[in-house]
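Each chain, written out:
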There are 2 protein chains.
Amino acid sequence: MPTTHSAPTPTGPVRLGPAAHAALRPAGAEIGAGFWHTRREVNARVSLPQGPQLLESAGNLHNLRLAAGTAEGDFRGGYPFVDTDVYKWLEAASWQLARQPDAALRPEVDRIVALVAAAQQPDGYLNTWFQLRQGGERYRDLRWGHELYCAGHLLQAAVAHHRATGNTELLDVARRFADHLGQVFGPPGSGKPIDGIDGHPEVETALVELYRETGERDYLDLAGYFVDRHGHGLLGGEAYCQDRVPVREAADVEGHAVRQLYLLAAVTDLATETGEPELRAAAERLWHAMTTTKTHLTGGLGAHHDEEDFGDPYELPTERAYCETCAAIASVQWSWRMALLTGEARYGDLIERTLYNGFLAGVSLDGERWLYVNPLQVRDGHTDPGGDQSARRTRWFRCACCPPNAMRLLASLEHYLSSTDTDGEGLRVHQYVSGRYSSHGIGVRAETDYPWHGTVALTVEETPQDRPWTLSLRIPAWCREFRVRVGTLSYDRTDAPVENGWLRLTRTWAPGDEVVLELALEPRLTAADPRVDAVRGCAAIERGPLVYCLEQADHPGGGLDDIVLDPTRPLAVKHRPDLLGGITGVVAAGYRRRLPDDGRWWPYRDAEPGTGTAGDAVELTAIPYYAWANRQDGSMRVWLPTS
Amino acid sequence: MPTTHSAPTPTGPVRLGPAAHAALRPAGAEIGAGFWHTRREVNARVSLPQGPQLLESAGNLHNLRLAAGTAEGDFRGGYPFVDTDVYKWLEAASWQLARQPDAALRPEVDRIVALVAAAQQPDGYLNTWFQLRQGGERYRDLRWGHELYCAGHLLQAAVAHHRATGNTELLDVARRFADHLGQVFGPPGSGKPIDGIDGHPEVETALVELYRETGERDYLDLAGYFVDRHGHGLLGGEAYCQDRVPVREAADVEGHAVRQLYLLAAVTDLATETGEPELRAAAERLWHAMTTTKTHLTGGLGAHHDEEDFGDPYELPTERAYCETCAAIASVQWSWRMALLTGEARYGDLIERTLYNGFLAGVSLDGERWLYVNPLQVRDGHTDPGGDQSARRTRWFRCACCPPNAMRLLASLEHYLSSTDTDGEGLRVHQYVSGRYSSHGIGVRAETDYPWHGTVALTVEETPQDRPWTLSLRIPAWCREFRVRVGTLSYDRTDAPVENGWLRLTRTWAPGDEVVLELALEPRLTAADPRVDAVRGCAAIERGPLVYCLEQADHPGGGLDDIVLDPTRPLAVKHRPDLLGGITGVVAAGYRRRLPDDGRWWPYRDAEPGTGTAGDAVELTAIPYYAWANRQDGSMRVWLPTS
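Residues numbered from 1 in each chain as written. Chains lettered and ligands numbered in written order. Predicted model: local features only at pLDDT ≥ 70, side-chain atom pairs only at ≥ 80, totals over all residues. Heavy atoms only, no water.

Participant: Got a minute to help me understand the overall build of chain A in this structure?
Facilitator: Helix and strand counts for chain A stand at 14 helices and 23 strands. For 643 residues, the compact-globule estimate of 2.2 N^0.38 gives 26 Å, and chain A sits close to it at 25 Å. In terms of overall dimensions, chain A has a C-alpha envelope of 75 × 75 × 50 Å along the principal axes. Out of the 643 residues belonging to chain A, those deemed buried represent 64%. Restricting the contact set of chain A to residue pairs at least 6 apart, pairs at least 24 apart contribute 69%. Summed over all atoms, the accessible surface of chain A reaches about 20900 Å², with 48% contributed by carbon and sulfur. Side chains of chain A carry 64 positive and 87 negative charges; the gap between the two charge centres is 2 Å. (Helix = DSSP H or I, 4+ residues; strand = E, 2+ residues; numbered from the N terminus. Rg over C-alpha atoms; globule rule 2.2 N^0.38 Å. Buried < 20%, exposed > 50% of the residue type's maximum accessible area, 1.4 Å probe, protein only. Contact = heavy atoms within 4.5 Å. Areas by Shrake-Rupley, 256 points an atom, 1.4 Å probe, with all protein chains shown as cover. Lys, Arg positive; Asp, Glu negative; His and termini not counted. Charge placed at Lys NZ, Arg CZ, Asp CG, Glu CD.)

Structure representation (structure tokens):
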């Protein structure tokens, strides 16, 4: 448990500019123990240290040396965006260094920053693919080339590196590149040589972050220019490239999910920094459209493997859910920006759901293997071709966007947990961890075994003595019952001062004051809107923020495709410290269908209402979805038929 | 109504070799009126005549001129297999000429045959992509190059052209190419320079056809070599290329659906011509696996857009069903070969289902527009990016494999309808049309308004006078009740002489003898095996061989995603000669869900068994699936929720 008593300046992403039009501002947090502490320790001890060697063996660092002229050979890697793997790792490592010095990590960061700096061209341009493979022909293929996308991740890495270390080496590289972009790109009539955008948004939100770090208004303006040039056919007008419709006019999220989400993060960034109501309205409208009709139960996003597309409203397949790990990360980044802009609790609801489910499933328990796609079902006898889009965990991907992306979110996770209150002071707790939340002379210690147990004990350690402030606790949307004790007072759902999802406790606090929140964690069965065709007649098991699944490993003697859940029987909780790093399982009653193997060659027959299939009773053991695919290969289901 | 009285030698595909180990042999048929006659007239009057101009504007013919040295310019078209569009059109046009002389079509065929001949290289090789784009570097990219696939379609076109016209010009081109292939490809130790296969099977079945046309055994042997070299990792071992497992050992259909099906057509061809039991067993096993677990209700095949893959067992999505039109065609071709090899009626069952549904949906009613993929659902508000894989009909595709493929099946359709009996004589009617079936001195006239009405009147017009023979009529698997009248005798399902789906009528027939078969065409509701997760809680409307769907155009005042079918209410038939070229519709009772728009941002909620949603009664008007997408764009559903 940390014992710092200062109010640290947050050293993470999204440090808002001084004039930002935000309801909330990020506060500090430390994660000292518990669920996320464990995940972050694995990230720090296993995933991050393996990065340099993996980037070496995949050729990414080699390419930088080639570009710098310090090595010989051929360009390696099959994509024009391989540099971003390096940048995302540098960003992740920087956030890690911001948390604690690391004698092994720091020299690796320094070494790779130097490699990047050496590869940069004199005018600021940097992209090894185009420098080495395309004969230096820049900006000829903005639709597929990813040059500005790569620049964006470099900018984000540089901001992180500077915030974490105070060293400007990488920030200088980023500024030179951003200045170069500002000289090249601009609207018609601006005198700039190219009026263009990148097929993969990312530079937009990165430029806002660079503005936040440097105060240089040109970067913010350039971000705004790029955002607003999407949707005008500069790239052929495809939704895939976020070019079908201007974002201010868009009615729905569409196209490649990660591209859409990075663009929307930038839209929210711009709305926050400039106060433009039209951009805010677009972001709110599109977030609502996404969560209402295009979000999987896990928080996963993206219905199609083909073009990594969002798909149609309510098109939420299970076995072919795409739900790219990067899309979950982008969703958290966007929703956090929305939470700060609006102050609304629902953004924290989606962040929580995504973190515990759709995102975390992408990382193996041992931190060494990854999922790029995160399906909600794997069938019995599933034939898996392997590769990037496999339902089996992989050591590294040919397109390795997800692993270092997951590393950077885990390494910076404390920055997505708490904020000031709406008045710029006070404290809002968006996510519950064991550790410490702090802001403007406020320090609150938290102890919890969440999400396994629902009790969160908060102790005021530091407080202004002279004035009241509000402690706001998010009451999760999934929570049916809760109880909160503040000193001698006690509330429950019927009388607690809850406003739009926020439990608001305003008083003049004293050090040692305690607040104990108890969220009821009864396991529950969840159904989908009837328009979600893919899961008609099914229910999913949830408990607290966790979505559960059945895995074949827990159901010997048969697969999962014949399993039926009995929704009339109670669900039981089973704490299993021995299993999968320690989980709480949920046990349900069900049966296994007895289907006659009558040799018929046609699986369709007359519909005869009322004729059920017989079955043998079977105890169903559900595990948290995030922990699936950490034992032997096999089938898996989130949604279970109920008849 | 045709009045020919000879027993024509079938001039179509799959003319078995003299020593073939087949239970049945193709018989002749003419389609004189009715459902398929109309479709074939559109094919002959609209689709086929437009071919040359489309092949000109897409660049295919230009490429042949380039290869022949009679034109200048750049290669056009984005794929290495563009030549096959020409070959398939030539094959289709040849089958059309075999049916009837056509003063406009014949010179077009002659002209294009001459273009193909001129483009051939002196040693027999012919592939414009490799001749023009790859500097003549042959066989360096068997995985993606499609050189043998192109050769295969050339061979099939040549066989058709020769059978139809007696002219050997294209057959000579094909033989030179096949002879060249025989010099280049062979197993290790054969002294041939390359031990290899093509990533896209097709040459295998084509070589068997060339053997059948020429009697040249080497072509059969080369086909056998290619078939058996699949599955040994020559192309990297991917299922996509049919290279993961030898077909003799395969337990399930897998990989790219069309590739798998063309390969299996060849397996059946080889089993038929050589009598090899292992190949026959593989074909039977894989057909059963396919129909039991990987076939859509429409007969459509292929679950994934991504890699055009078969998907897992019981993975049969609706809106993302791939069901390529070419896969339906290949399925008909394969099943017909299986029907001849085994004599079993179920192959005719699948052919019928595929022809009337999964195949025919690919062709617009006006013969001018096409579907490449054939989904079973299009959602309200579907956003369609257009292009080859669009759910909207398209004039021609960038990858234009399907349109000429559909043309060749329609032009040769009469050859998939009837066969001899097992003794090599007699007559088996696999599919019911108005026209005439004929074989070995037997001629039977047929009149029917199938599939709209269930009565088929058969009249013996020509018969050997001295001996009994068997008239076998396929009783469709979907048929619950039927009645057959033979002279003064009458049978129904309880007493008719039906063996494994064949109604067997053996007697010494006399000219003028009549058989009247009445198949009950009550509309019915069909459910899927509970393992087909995509359509749980749904039913589909069928009538006779037709699968029905709802289309938005017939349901003004709302979309289809809120529609619920009431399965307890009767279905009514409504003949609509005015609609969609004349159809029989089915009317069902249902309601439209009333879903509260409560502003909630999350589409999942507590599962509460027994709480239904209210709704407004609505009459549901179902149209045959094949006729969908011939009016305005809109939503469509085959499977309808029932609660």
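Text resumes after the structure shown.
Participant: Help me understand the side chain of Gln131(A), please; the structure alone is not making it clear to me.
Facilitator: Residue and element names in this part refer to chain A. Following the sequence through the fold, Gln-131 ends up in helix H5 (residues 128-132). Taking the relative accessible area as the measure of exposure, Gln-131 reaches 12% and is therefore buried. Polar contacts involving the side chain of Gln-131 include one to the main-chain amide nitrogen of Asn-127, which spans 2.7 Å. Contact partners of Gln-131, with chain neighbours within four places excluded, come to Ala-67, Ala-119, Gln-121, Tyr-125, Leu-126 and Gly-136. (Polar contact = N/O pair within 3.5 Å; in protein donor to acceptor, adjacent residues only side chain to side chain.)

Participant: Even after reading the chapter, I still don't get the relation of the copies chain A and chain B, so can you show me in this structure?
Facilitator: Put simply, the second copy of the chain is the first one after a rotation about an axis and a shift along it. In the superposition of chain A on chain B (RMSD 0.0 Å, axial shift 0.1 Å), the rotation amounts to 180 degrees. Such a combination of turn and shift is consistent with a two-fold rotation axis. (Least-squares fit on C-alpha atoms with pLDDT ≥ 70 in both.)

Participant: Can you walk me through the interface of chain A and chain B in this structure?
Facilitator: When the parts come together, some accessible area is lost, and that loss is often what is quoted as the size of the interface. Contacts between the two partners involve 59 residues from chain A and, on the opposite side, 59 residues from chain B. When the two sides are added together, the surface that chain A and chain B hide from each other amounts to roughly 5100 Å², 54% of it contributed by carbon and sulfur. Seen at the junction of chain A and chain B, the total is 8 salt bridges. Its salt-bridge partner being Asp533(B), residue Arg379(A) comes within 2.9 Å of it at the nearest N-O pair. Where chain A packs against chain B, one counts 32 residue pairs in polar contact (both at pLDDT 80 or more). Counting only elements with at least two residues in the side of chain A that touches chain B, the list comes to helix H11 (277-293), helix H13 (346-359), strand E14 (524-528), strand E15 (538-543), strand E20 (604-606) and strand E23 (639-641) of chain A. Across the side of chain A that touches chain B, the residue classes break down as 22 nonpolar, 15 polar and 22 charged. (Buried area = accessible area lost by both parts, 1.4 Å probe. Salt bridge = Lys/Arg side-chain N within 4 Å of Asp/Glu carboxyl O. Nonpolar A, V, L, I, M, F, W, Y, C, P; charged D, E, K, R; others polar.)

Participant: Sorry if this is basic, but what is going on with the packing of aromatic side chains here?
Facilitator: Any pair of aromatic rings gets described here by the distance separating the centres and the angle formed by the planes. Residues and elements named next belong to chain A. This model, assessed by the stated rule, comprises 54 aromatic pairs over all chains. A centroid spacing of 6.1 Å and a plane angle of 75 degrees characterise the contact between Tyr-356 and Tyr-450, whose relative ring orientation is edge-to-face. Taken together, the residues Tyr-356 in helix H13 and Tyr-450 in the loop between strand E6 (442-448) and strand E7 (455-462) connect sequence positions 94 residues apart. With respect to burial, Tyr-356 and Tyr-450 carry one shared label: buried. Of the aromatic side chains, those joined through ring pairs into one cluster are Phe-35, Trp-36, Tyr-356, Tyr-432, Tyr-450, Trp-452 and Tyr-626. The ring of Trp-129 has Arg-133 sitting right over it, with the charged end atom 4.3 Å from the ring centre. A cation sits over an aromatic face here: Arg-428 above Trp-502, 4.8 Å from the ring centre. (Phe/Tyr/Trp six-rings, centres within 6.5 Å; stacked < 30°, edge-to-face > 60°. Lys NZ or Arg CZ within 6 Å of the ring centre and 35° of its normal.)

Participant: Looking at this structure, I do not really get the pairing of strand E6 (residues 442-448) of chain B. What am I missing?
Facilitator: Note on strand geometry: in a regular strand, side chains alternate between the two faces of the sheet. Residues and elements named next belong to chain B. Taken across its 7 residues, E6 has 5 buried, putting it largely inside the fold. Linkage of strand E5 (residues 434-439) to E6, two consecutive antiparallel strands, is achieved through a turn of 2 residues, within which His-440 is found at a positive phi near 45 degrees. Inspection of the sheet shows E6 paired to strand E7 (residues 455-462) by 6 bridges, in the antiparallel sense. Bridge pairing in E7 links Arg-445 to Thr-459. (Pairing = 2+ DSSP bridges.)

Participant: How should the pattern of salt bridges be read in this particular structure?
Facilitator: A side chain with one charge may pair with a side chain of the opposite charge, provided their charged atoms come close. Throughout the structure, instances matching the rule amount to 104 salt bridges over all chains. Of the charged contacts in the structure, one is a salt bridge between Arg217(A) and Asp221(A), with a shortest N-O distance of 3.3 Å. Note that Arg217(A) and Asp221(A) are positioned in helix H9 (residues 217-229) at a spacing of 4 residues, about one turn of the helix. The shortest N-O distance in the salt bridge between Glu278(B) and Arg248(B) comes to 2.8 Å. You can see Glu278(B) sitting in helix H11 (residues 277-293) and its partner Arg248(B) sitting in the loop between helix H9 (217-229) and helix H10 (257-274), a full 30 residues away along the chain. You can call Glu278(B) partly exposed: its relative accessible area is 44%. Shared partners join several salt bridges into a network, and the residues in it are Arg15(A), Arg163(A), Glu209(A), Arg212(A), Glu213(A), Asp269(A), Glu273(A) and Arg337(A).

Participant: Quick question: what am I supposed to make of the confidence of the model for chain A here?
Facilitator: In regions of low pLDDT, the predicted coordinates are not meant to be interpreted in detail. Residue and element names in this part refer to chain A. Here chain A shows a mean pLDDT of 95. Residues at 70 or above account for 98%. Note that residues 1-8 has pLDDT below 50 and, in this model, 20 contacts with residues that lie over four places away or in other chains. The complex prediction reports pTM at 0.95, with the ipTM value standing at 0.92. (pLDDT = per-residue confidence, 0-100.)

Participant: What's the story with the packing of H10(B) against H11(B) in this structure? I'm lost.
Facilitator: For any two helices packed against each other, one specifies the crossing angle of their axes together with the interaxial distance. All names here are of chain B. Where H10 meets H11, the axes come as close as 8 Å, and the angle between the chain directions of the two elements is 145 degrees. Regarding H10 and H11, the two cross each other, and that crossing is left-handed. Judged by residue contacts, Leu-261, Leu-264, Val-267, Thr-268, Leu-270 and Ala-271 of H10 engage Leu-279, Arg-280, Ala-283, Leu-286 and Met-290 from H11. For the contact of H10 with H11, the class distribution of residues is 9 nonpolar, 1 polar and 1 charged. (Axes fitted to C-alpha atoms, helices over the stretch in contact; angles between N-to-C directions. Left-handed = near helix turned anticlockwise from the far one by under 90°.)

Participant: Is there a simple way to think about helix H8 (residues 203-214) of chain A in this case?
Facilitator: Because an α-helix completes one turn every 3.6 residues, residues spaced three or four positions apart along the sequence face the same direction. Residues and elements named next belong to chain A. Compared with an ideal rise of 1.5 Å per residue, which puts 12 residues at 16 Å, H8 spans 16 Å between its outermost C-alpha atoms and is within 8% of the ideal. Burial analysis of H8 places 11 of its 12 residues in the buried class, the great majority of the element. When H8 is considered as a whole, its buried residues turn out to be Val-203, Glu-204, Thr-205, Ala-206, Leu-207, Val-208, Glu-209, Leu-210, Tyr-211, Arg-212 and Glu-213. Elements that come into contact with the buried residues of H8 comprise helix H6 (147-165), helix H7 (169-184), H9, helix H10 (257-274) and helix H12 (325-342). Phi turns positive, to about 75 degrees, at Gly-215, one or two residues after H8. (Expected span 1.5 Å × (residues − 1).)

Participant: What is the right way to look at the sheet that holds strand E3 (residues 418-419) of chain B in this model?
Facilitator: Hydrogen bonding along the main chain pairs the strands of a sheet, whether they run parallel or antiparallel. All names here are of chain B. In spatial order, the strands read E3-E4-E8-E12-E11; together these 5 strands make up an open sheet with mixed pairing. The open sheet terminates on both sides in strands that have one partner only, identified here as E3 and strand E11 (498-499). Sheet topology places E11 next to strand E12 (residues 502-507); 2 bridges connect them, and they run antiparallel. From the neighbouring strand, Val-498 faces E12, where its bridge partner is Leu-503.

Participant: Would you mind showing me how to read the environment of Gly343(B) here?
Facilitator: All names here are of chain B. If you trace the backbone, Gly-343 turns up in the loop between helix H12 (325-342) and helix H13 (346-359). Residues Gly-343 and Leu-24, spaced 319 residues apart in sequence, show a C-alpha to C-alpha distance of 5.8 Å. In this structure Gly-343 touches Ala-23, Leu-24, Met-338, Arg-428 and Trp-502, once residues within four positions along its chain are discounted.

Participant: Hey, could you run me through unusual backbone geometry in this one?
Facilitator: Note on backbone geometry: most residues besides glycine have negative phi, and most peptide bonds are trans. All names here are of chain A. In this chain, Tyr-450 is followed by Pro-451 through a cis amide linkage whose omega measures 5 degrees. Inspection of the secondary structure puts Pro-451 in the loop between E6 and E7. With a phi angle near 60 degrees, Gln-242 is a residue other than glycine that sits in the positive phi range. Its identity is not glycine, yet Ala-629 carries a phi of approximately 65 degrees, on the positive side. Of note, Ala-629 is situated in the loop between strand E21 (615-624) and strand E22 (636-637).

Participant: What is the right way to look at the environment of Ala496(A) in this model?
Facilitator: Residues and elements named next belong to chain A. Relative to the elements of secondary structure, Ala-496 occurs in the loop between strand E10 (489-492) and strand E11 (498-499). By relative accessible area, which is 13% here, Ala-496 ends up buried. Sequence-wise, Ala-496 and Val-484 are 12 residues apart; in three dimensions their C-alpha atoms are separated by 7.8 Å. When neighbours within four sequence positions are excluded, Ala-496 is seen to be in contact with Phe-482, Tyr-491 and Leu-503.

Participant: Is there a simple way to explain the sheet that holds strand E4 (residues 427-429) of chain A in this structure?
Facilitator: All names here are of chain A. Taken together, the 5 strands give an open sheet; going across it, the order is E3-E4-E8-E12-E11, and neighbouring strands pair in mixed fashion. Strands with a single pairing partner mark the edges of an open sheet, and in this sheet they are strand E3 (418-419) and E11. Relative to E4, E3 runs antiparallel, the two being bridged by 2 bridges. From the neighbouring strand, Ser-419 faces E4, where its bridge partner is Arg-428.

Participant: I keep staring at the pairing of strand E12 (residues 502-507) of chain A and nothing clicks. Help me out?
Facilitator: Residue and element names in this part refer to chain A. Here strand E8 (residues 469-474) pairs with E12 via 6 bridges, running antiparallel. Among the inter-strand pairings, Ser-472 is bridged to a residue of E12, identified as Arg-504. Hairpin remark: E11 followed by E12, antiparallel, with 2 residues in the connecting loop; positive phi at Asn-500, about 50 degrees.

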